[in-house]
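Each chain, letter by letter, is given below.
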Amino acid sequence: MYGDAETVRRILTESGDTWAVVGLSNNRNRAAYGVAQVLQRFGKRVVPVHPKAETVHGEQGYASLAEIPFPVDVVDVFVNSALAGAVADEAAAIGAKAVWFQLGVVDQDAYDRTRAAGLAMVMDNCPAIEIPRLHG
């Protein structure tokens, strides 16, 4: 796992409550759909980012991070590892404080670049598993 327990805690409790979820659509069979619901239950504003720009869980969607017209605190990435690095770079470009690569999403170069840019980062982990632990 990339991102120690302290980084996980900091992202979930101190980095801010606006989470852009890249790969979130209205497809209930995708992990992003359920994870976004959990994040909402714990007080996060979930912003869907998907080419379809659908409204999901009551929140307006956007086709890209760059199109979101307000500050984003955390970028949660549900795209495959080959595409994830570019998303991490976009997260840094829009001024996000942290990037979270979901379970199975691994890109060591992106991890190193994102950390070097001053963002907190967790990779190959799931906030929906971690956040209930913190609020236990």
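Structure's up top.
What you see is a predicted model; the values in this text were computed from it and never measured.

The rules behind each value
Residues numbered from 1 in each chain as written. Predicted model: local features only at pLDDT ≥ 70, side-chain atom pairs only at ≥ 80, totals over all residues. Heavy atoms only, no water. Axes fitted to C-alpha atoms, helices over the stretch in contact; angles between N-to-C directions. Helix = DSSP H or I, 4+ residues; strand = E, 2+ residues; numbered from the N terminus. Parallel < 35°, antiparallel > 145°, perpendicular 65-115°, else oblique. Left-handed = near helix turned anticlockwise from the far one by under 90°. Contact = heavy atoms within 4.5 Å. Nonpolar A, V, L, I, M, F, W, Y, C, P; charged D, E, K, R; others polar. Core = buried A, V, L, I, M, F, W, Y, C linked by side-chain atoms within 4.5 Å. Buried < 20%, exposed > 50% of the residue type's maximum accessible area, 1.4 Å probe, protein only. Pairing = 2+ DSSP bridges. Right-handed = clockwise from strand over helix to strand, strands pointing away.

Peer 1: Would you take a moment to explain the packing of helix H2 (residues 31-41) against helix H5 (residues 127-135) for this structure?
Peer 2: Packed helix pairs are specified by the crossing angle of their axes together with the interaxial distance, meaning the distance between the axes. Two numbers describe how H2 lies on H5: the axes approach to 9 Å, and their chain directions differ by 20°. When the axes of H2 and H5 are compared, the pair comes out roughly parallel. Crossing hand, H2 versus H5: left-handed. For the pair formed by H2 and H5, the contact residues are Val35, Val38 and Leu39 on the first element and Pro127, Ala128 and Ile131 on the second. The residue makeup of the contact of H2 with H5, split by class, is 6 nonpolar, no polar and no charged.

Peer 1: What's the story with the packing of helix H3 (residues 81-93) against helix H4 (residues 108-116) in this structure? I'm lost.
Peer 2: Remark: H3 packs on H4, axes separated minimally by 9 Å, with the N-to-C direction vectors making an angle of 5°. With respect to H4, the axis of H3 lies roughly parallel. Contacts between H3 and H4 involve Gly85, Ala88 and Asp89 from the first element and Ala110, Arg113 and Thr114 from the second. Its residues assigned to classes, the contact of H3 with H4 comprises 2 nonpolar, 2 polar and 2 charged.

Peer 1: I would appreciate a short explanation of the nonpolar core in the present structure.
Peer 2: If you look at the biggest cluster of nonpolar residues, it comprises 24 residues, and the most contacted ones within it are Leu65, Ile68, Val75, Val77, Val99 and Phe101. Counting only elements with at least two residues in this core, the list comes to strand S1 (18-22), strand S2 (45-49), strand S3 (74-77), H3, strand S4 (98-101) and H4. Of all the elements, H3 adds the most residues to this core, at 4 residues. Setting aside anything within four residues of it in sequence, one finds Phe101 in contact with Val77, Ala84, Gly85, Ala88, Asp107, Ala110, Met121, Val122, Met123, Asp124 and Asn125. In terms of nonpolar packing, the next biggest core, distinct from the first, is built from 23 residues, Leu12, Val35, Val46 and Cys126 among them.

Peer 1: Could you clarify how one ought to interpret unusual backbone geometry in this entry?
Peer 2: Excluding glycine, a negative phi dihedral is what most residues carry, and trans is how most peptide bonds are arranged. Phi is positive for Ala53, close to 50°, though the residue is something other than glycine. The residue Ala53 is located in the loop between S2 and S3 in this model. Even without a glycine there, the phi angle at His57 is positive, about 50°. On the secondary structure map, His57 appears in the loop between S2 and S3.

Peer 1: What should I look at first to understand the pairing of S1 in this one?
Peer 2: Regular strands place their side chains on alternate faces of the sheet. The buried fraction of S1 is high, at 5 of 5 residues. Across the two faces of S1 the burial is the same, with Thr18, Ala20 and Val22 and Trp19 and Val21 all buried. Across 5 bridges, the pairing between S1 and S2 is parallel. Residue pairing in the sheet places Ala20 in a bridge with Val47 of S2. Between the parallel elements S1 and S2, the chain passes through H2 in a crossover that is right-handed. Where S1 lies against S3, 4 bridges are found, and the strand directions are parallel.

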